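Chain residues, written in single-letter form:
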Number of protein chains: 2
Amino acid sequence: MSAASSLQSRAAGGTKPDIDAANEALNPMDEDLKVSSSVGALKVTRQVPSRQAMAKMLQERLFYIPSFKIYDGAAETAGLFDYGPPGVKLKNNVLAFWRQHFVLGENMLEVECPSVTPEIVLKASGHVDRFTDLMVKDEKNGNCYRADHLLKDFCTEKLQKDLNIAEEKAKELKHVLALLDDLSAEELGAKIKEYGITAPDTSNPLSDPYPFNLMFQTSIGPSGSSTAYMRPETAQGIFVNFNYLYYYNGNKLPFAAAQIGQAFRNEIAPRQGLLRVREFTLAEIEHFVDPEDKTHPKFNEVAELEFQMFPREEQVSGQSARILRLGEAVAKGIVDNQTLAYFIGRVYLFLTRLGIDEERLRFRQHLPNEMAHYAADCWDAEIETSYGWIECVGIADRSAYDLQAHSVKSNKDLMAHEKFSEPREVEELVISPVVKETGLAFKADGKNVVEALRAMNEKEALEMKADLEAKGEVVFYVCTLGKNVSIKQNMVTISYKKRKEHQRRFTPSVIEPSFGIGRIIYCLFEHSYYTRQSQAGDEQSNNLNVLRFPPLVAPFKCTVFPLVQNKEYEEVAKGISKSLTAAGISHKIDITGTSIGKKYARTDELGAPFAITVDSTTSVTIRERDSKDQVRVNLNEVVVVVKELTAGLKTWADVWRVHRVRRQSRLRNLLNKLCFPC
Amino acid sequence: MSAASSLQSRAAGGTKPDIDAANEALNPMDEDLKVSSSVGALKVTRQVPSRQAMAKMLQERLFYIPSFKIYDGAAETAGLFDYGPPGVKLKNNVLAFWRQHFVLGENMLEVECPSVTPEIVLKASGHVDRFTDLMVKDEKNGNCYRADHLLKDFCTEKLQKDLNIAEEKAKELKHVLALLDDLSAEELGAKIKEYGITAPDTSNPLSDPYPFNLMFQTSIGPSGSSTAYMRPETAQGIFVNFNYLYYYNGNKLPFAAAQIGQAFRNEIAPRQGLLRVREFTLAEIEHFVDPEDKTHPKFNEVAELEFQMFPREEQVSGQSARILRLGEAVAKGIVDNQTLAYFIGRVYLFLTRLGIDEERLRFRQHLPNEMAHYAADCWDAEIETSYGWIECVGIADRSAYDLQAHSVKSNKDLMAHEKFSEPREVEELVISPVVKETGLAFKADGKNVVEALRAMNEKEALEMKADLEAKGEVVFYVCTLGKNVSIKQNMVTISYKKRKEHQRRFTPSVIEPSFGIGRIIYCLFEHSYYTRQSQAGDEQSNNLNVLRFPPLVAPFKCTVFPLVQNKEYEEVAKGISKSLTAAGISHKIDITGTSIGKKYARTDELGAPFAITVDSTTSVTIRERDSKDQVRVNLNEVVVVVKELTAGLKTWADVWRVHRVRRQSRLRNLLNKLCFPC
């Protein structure tokens, strides 16, 4: 989730009514979840094991680990994580696909700006004043807590543990949970007092809640006087460069700029592992568009897509998300405009191709009170996990807000223009004070009167014109003088005048899809992870871990190993490995003496879709991860087959039809029926 | 250049004697440089125009621009730069090739760690105490300056402008310049006083020089008490994870971990554009190796490489760098070991394939006084630019220093082990005090005596053994008691005993190649940039800018445009563009009404190696950037031809032989002779 959209909420003074909060809070966090997921043509319902088992496996395999672990306890390291070797490969694959899908696919202008950001930039954007969470302090030892977390924990625990709780009280607590994100500092403080909540570590009394700015502060240069922050989002670097990018694009709209980079957020008390961290990778797009024309030339490419959407109306009336066709959503005005909808569609394609289960993906529209006053419309791509629905991509039409904010602060124009094919005649109201007459009438005050007359808006000017025409005189308040003066007809002319305009100048609207890459990766872990019973033939006695990554993002596309330790087979395996490297296929070779069962188990835990077993010097078997089916392939074909499979040119069913030898899977009959119905 | 290698110098208390400093200082910075460079088979000497002209063009084309320019003047933004669209593409290509060449090519474990780093980690590494530059302050207004910069500027100006300078004085100033980096705070301060140097902006007196820590400081969490820094290098994240990575690698050495990421350095006064910035991308490798075996299995792959090396001896004796064969350098002991030399060779291949001119690349060995006491050997890849020789890659054998430092600070073992195929018998000296006898003799002091006996080193114990055998008694100083005691033969047994050892435990050595990506890119700009006279046919009247990027890193592999504005040609151009996208070839299509001359000029300024001009509906011409030669290619072949050219499968000469139509280049005869000598 992008800091931007959070700021947006904060800027608006409203926050998301956490629809799922009460619900989520009542679920034991590690309860097994029943999920339905699709593997190729095969649709099965599996018991997903606990989140803890998954996290344990992911950390053991170095997908990610807490940072600076050897100093654990000696330093504040919460909310900081490392990606280990398979995690980096996965992340690089996700980012490469992001670049391909968005930057290349849409011809975006990718930029890279520093993380260290001078204060003035973030003052203009509103982050210095409003990028805050509410905090309370232990009044005795100074420990800090997030006020809403304490209240949430109190209500949740009460609801879970107090079996004798009165129905009335339970209802109240659930109501508090649902409104949690909407509470002001005062309201939060009042509730904390009312429930007698104290500091969890000491039971000491707590301070009133007060805002804590979430940016990491530092300063540039040796004097210590140039305050700076680590950027909380990448977007501002793009906005301040609008003029350069517009020029680079041949002074043409629409165009989009994109940036992938680190962002920082000094959370008060990070929880939820990879979902709430203090440093994270954002991938953000700022699509600049004429506010008077938000159609999109490629909208028809996504108009027929259908997926779960959760419009405002359904949320307010207590209904669920529903399947909507994107074209219909725009036609009915549910989504504000084509460009916003186009990006929603592209985000849907991006996430599902990564391996996000579309049944656990929804696009939720912001309610009016969560949106900034300037925003035209906002949708979040939310992904369901064991933590509830997680906001992973924000897609917001932020109108002209950001460019105007920087324009005001920097005193530089950040505008686009549209040249008319021929000049247009425009009529505008002109207010012309007659300086001589006001000077005579008001002496030293004349200048202030003239300025005040010129500063009238159209409505005020037209009223004055009417009054002057009707009565010849009007009482006019001059705020710089702090008093009323009497304006006569000879002191000002107010009239419409015609003027030729050669171009239109305007501040473009910005449509911003903002991707929290770490969150998406975490959700991908949850949607990819499952366990299966070890079989008689397997050497592992416990449940076996599998990560169902699609080849597109899998850190390793395949593993290679000899069936038994044997010099000849080892040489064949090494030869295949070399050819795979030459073909640019990421893989892992294993020529240790480990048993074949363990090698398959490792393959599955790393999420490699295929395992190549060398059991002859002329051919090998290739095993597919999820079905465990095997095919026999000649040595000279193996790299081509793997390349075709992982590049999406062929499906496993295609390969199986040609090369199948024997079926080991217990799902054989089921698969047969599904894959080859005739 | 990596912060690590700088720290290394600082840790050793010595610094690089800037061999070129005096020289560089005397060169006007923007003087035209004569450089020789090679384009394919063609070797020409060109006048490279001024650095300012190049920087202007690069900024106009958005390769890079100063960050937050709209707030210029209102905030401290020096040393911060953005990469614009072609710059990001170039950088991504450099990083992709780095990953291919090093991470994939050597099977390295890539990791990603946060930039925000708790103080304890950088305390252990030495950065908190020693990552400093010497600073002086204007005593009246508090403005800060780098002490060595002021002294350097003073000497340089004096040498350049004072035409009547005495020979003696000139010699002295040149000597100061040469020793600049070696001066201590006291020596710098003394020189500043001696020469009467004052604050450049105000002529106020200056403070004594004092160390300023270059890390950006911040704090983690809301309390403000957990000090942290933005990492000055990426290496520490790898060191603290050694145990996990070693385990991931199957507890086997050698292996290398790699990390690409942002690093930060709060420079006192950044100068030299992209070469000295406050935030930059590092790509670092930590290769862990058994200190008793630093051979490298693939050394023979680089042993025959020959290039400019600048060993210690040549530097000290005032000679120049010379061409050395890498195998010879190791055999003669010039480079300490095979693994270090292997990386030197791989770095040479990396840089030259990027487009760095090998005649302006040298590997310079650190002098003993620039190296840390623990380092075995260090070499810098230095690239010659208009700023002099720039350190772009540091390749250091840091021995066991980093792992040991973190082990001590964290109190955790960071070691590798080697299991012996069969247990080895080892003999060790065992000191066994006889507690009963010492107790009887020394009563309450007995415990201290026993401890002191056990704490003896081998030499002390052997001496005691000999004395006891000779005299039966010996005087022994117990430091914890602060007095001598008399040890008799019955109080201690000292003897060699045999023991079986099943493994060897040791701290691995680290060989660290560390790449400053921004510096490499800047050098690549200088080595790629040239201008050529516009010809009669060209529409541009001034000199034309060209960036001679090899296809490997060129941001755009080609441009595509119709010869004239024509609906049919435009459609053909769009079709080619689509096919190029499908083939994954980065390119730029231009269907504006701009003249063909300008389109070629833009192609050259972006460094696109090829331009495709649509001048028919069945075939196109392809123009090569540097020779300006053109070939005619059928429409259905064009993508294949460009793909082969840019993937390095064919050379321009290959294509020209088949498709040549007409020669436009004035280099025709020369080229012919060089490309087709027979």
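Every value quoted in this text rests on a predicted model; they were computed, and no experiment measured them.

Student: Honestly, the UniProt feature "coiled-coil region" (unreviewed entry) in chain A in this entry has me stumped. Any pointers?
Tutor: Mapped onto this structure's residue numbering, the UniProt feature "coiled-coil region" (unreviewed entry) falls at residues 156-186 of chain A. Secondary structure content for residues 156-186 of chain A is 68% helix and 0% strand, and the end C-alpha separation is 21 Å.

Student: Explain the sheet that holds strand β10 (residues 217-220) of chain A to me, please; I cannot follow it from the model alone.
Tutor: All names here are of chain A. Reading across the sheet, the 3 strands line up as β6-β11-β10 and stay open at both edges, with antiparallel pairing between neighbours. Only two strands of the sheet have a single partner each, and these edge strands are β6 (116-118) and β10. Each adjacent strand pair in this sheet contributes to an overall mean axis angle of 45 degrees, direction not counted. Relative to strand β11 (residues 226-230), β10 runs antiparallel, the two sharing 4 bridges. What sits directly across from Thr218, in β11, is Ala228.

Student: Please clarify how the interface of chain B and chain A should be interpreted in this entry.
Tutor: The accessible area lost on association of the parts is a frequent measure of interface size. Across the contact, 73 residues belong to chain B and 74 residues belong to chain A. When the two sides are added together, the surface that chain B and chain A hide from each other amounts to roughly 6100 Å², 64% of it contributed by carbon and sulfur. It is Ile70, Tyr71 and Tyr248 of chain B in chain B that bury the most area against chain A; as a group they hold 13% of the surface buried on that side. The closest approach of N and O atoms between Glu112 of chain B and Lys91 of chain A, which form a salt bridge, is 2.4 Å. Where chain B meets chain A, there are 20 residue pairs in polar contact (both at pLDDT 80 or more). If one sorts the elements of the side of chain B that touches chain A by residue count, helix α4 (residues 85-104) of chain B sits on top with 8 residues. Of the residues contributing to the side of chain B that touches chain A, the split by class is 39 nonpolar, 18 polar and 16 charged.

Student: Is there a simple way to think about the relation of the copies chain B and chain A in this case?
Tutor: Each of the two chain copies goes to the other by way of a rotation about an axis and a shift along it. The two copies are related by a screw motion: chain B maps onto chain A through a turn of 180 degrees and a shift of 0.1 Å along the axis, at an RMSD of 0.9 Å. Both copies are brought into coincidence by an operation consistent with a two-fold rotation axis. Closest approach to the rotation axis within chain B is made by the C-alpha atom of Thr218 of chain B, at a distance of 2.3 Å. Interface overlap between copies is the fraction of interface residues in one copy that are interface residues in the other; for chain B against chain A it reaches 100%, indicating a shared surface.

Student: When you look at helix α8 (residues 167-179) of chain A in this model, what are you seeing that I'm missing?
Tutor: Given 3.6 residues per turn, any residue in an α-helix points the same way as the ones three and four places further on. All names here are of chain A. Taking 1.5 Å of rise per residue, 13 residues should cover 18 Å, and α8 covers 19 Å from first to last C-alpha, within 8% of that figure. Of all the residues in α8, the buried ones are Ala170, Leu173, Val176 and Leu177. Taken down its axis, α8 places every buried residue within 120 degrees of arc, on the same side. Residues of α8 that are exposed and point more than 90 degrees away from the buried face comprise Glu167, Glu168, Lys171 and His175.

Student: Would you mind showing me how to read the sheet that holds strand β8 (residues 144-146) of chain B here?
Tutor: In sheet architecture, strand pairing relies on hydrogen bonds along the backbone and comes in two forms, parallel and antiparallel. Residue and element names in this part refer to chain B. Ordered in space as β8-β7-β9, the 3 strands form an open sheet in which the pairing is antiparallel. Looking at the sheet topology across the chains shown, the edges are occupied by β8 and β9 (210-213). Strand-to-strand twist in this sheet, taken as the mean axis angle between neighbours without regard to direction, amounts to 55 degrees. With 4 bridges connecting them, strand β7 (residues 132-137) and β9 associate as antiparallel partners. Residue pairing in the sheet places Met135 in a bridge with Tyr210 of β9.

Student: What is the right way to read unusual backbone geometry from this model?
Tutor: If a residue is not glycine, its phi is most likely negative; likewise, a peptide bond is most likely trans. All names here are of chain A. Here the bond from Leu253 into Pro254 is cis, since omega is -10 degrees, no more than 30 degrees from zero. Looking at the secondary structure, you find Pro254 in the loop between α11 (242-248) and β12 (255-264). One non-glycine residue, Leu62, lies in the positive phi region at around 60 degrees. Positioned with a positive phi, Asn251 is a non-glycine residue whose angle comes to about 50 degrees. Looking at the element boundaries, Asn251 is found in the loop between α11 and β12. Under the relative-accessibility criterion, Asn251 is labelled partly exposed at 33%.

Student: Help me out: how do you make sense of the confidence of the model for chain A in this one?
Tutor: All names here are of chain A. Across chain A, pLDDT averages 88, with 89% of residues at or above 70. Note on residues 1-47: pLDDT is under 50 here. Beyond four places in sequence and across chains, it has 133 contacts. Considering only residues more than four positions removed or in separate chains, one finds that residues 662-667, a stretch of pLDDT under 50, has 13 contacts.

Student: Even after reading the chapter, I still don't get the side chain of Gln630 of chain A, so can you show me in this structure?
Tutor: All names here are of chain A. As for its placement among the helices and strands, Gln630 is situated in strand β30 (residues 630-634). Take Gln630: its relative accessible area is 4%, and that puts it in the buried class. At a separation of 3.4 Å, a polar atom in the side chain of Gln630 contacts the side chain of Tyr600.

Student: Looking at this model, I keep getting lost on the pattern of salt bridges. Mind explaining?
Tutor: Two side chains bearing opposite charge may form a pair once their charged atoms approach each other closely. Residue and element names in this part refer to chain A. Counted according to the given criterion, the structure contains 92 salt bridges over all chains. Across the pair Arg146 and Asp148 runs a salt bridge, and its minimum N-O distance is 2.7 Å. The same class applies to Arg146 and to Asp148, which are both buried.

Student: In this structure, what is going on with the pairing of strand β20 (residues 473-478) of chain A? I would like to understand it.
Tutor: Walk down a regular strand and you will see the side chains alternate between the two sheet faces. Here β20 of chain A shows a buried face lined by Val474, Phe476 and Val478 of chain A and an unburied face lined by Glu473, Val475 and Tyr477 of chain A. Counting the residues that bridge the hairpin from β20 of chain A to strand β21 (residues 483-488) of chain A gives 4 residues, and of these Gly482 of chain A lies at a positive phi of roughly 75 degrees.

Student: Explanation requested: the packing of helix α4 (residues 85-104) of chain A against helix α14 (residues 338-354) of chain A in the structure shown.
Tutor: Helix-helix packing is described using two parameters, namely the angle between the two axes and the distance between the axes. Residues and elements named next belong to chain A. Put simply, α4 and α14 touch, their axes get as near as 11 Å, and they point 150 degrees apart. For the pair α4 and α14, the sense of crossing is right-handed. Contact residues: Val94, Phe97, Trp98, His101 and Phe102 in α4; Arg346, Val347, Leu349, Phe350, Arg353 and Leu354 in α14.

Each value, and the rule that gives it
Residues numbered from 1 in each chain as written. Chains lettered and ligands numbered in written order. Predicted model: local features only at pLDDT ≥ 70, side-chain atom pairs only at ≥ 80, totals over all residues. Heavy atoms only, no water. UniProt positions renumbered as here; feature names shortened; annotations may be inferred. Helix = DSSP H or I, 4+ residues; strand = E, 2+ residues; numbered from the N terminus. Pairing = 2+ DSSP bridges. Axes fitted to C-alpha atoms, helices over the stretch in contact; angles between N-to-C directions. Contact = heavy atoms within 4.5 Å. Buried area = accessible area lost by both parts, 1.4 Å probe. Salt bridge = Lys/Arg side-chain N within 4 Å of Asp/Glu carboxyl O. Polar contact = N/O pair within 3.5 Å; in protein donor to acceptor, adjacent residues only side chain to side chain. Nonpolar A, V, L, I, M, F, W, Y, C, P; charged D, E, K, R; others polar. Least-squares fit on C-alpha atoms with pLDDT ≥ 70 in both. Expected span 1.5 Å × (residues − 1). Buried < 20%, exposed > 50% of the residue type's maximum accessible area, 1.4 Å probe, protein only. Arc of directions from axis to C-beta. pLDDT = per-residue confidence, 0-100. Left-handed = near helix turned anticlockwise from the far one by under 90°.

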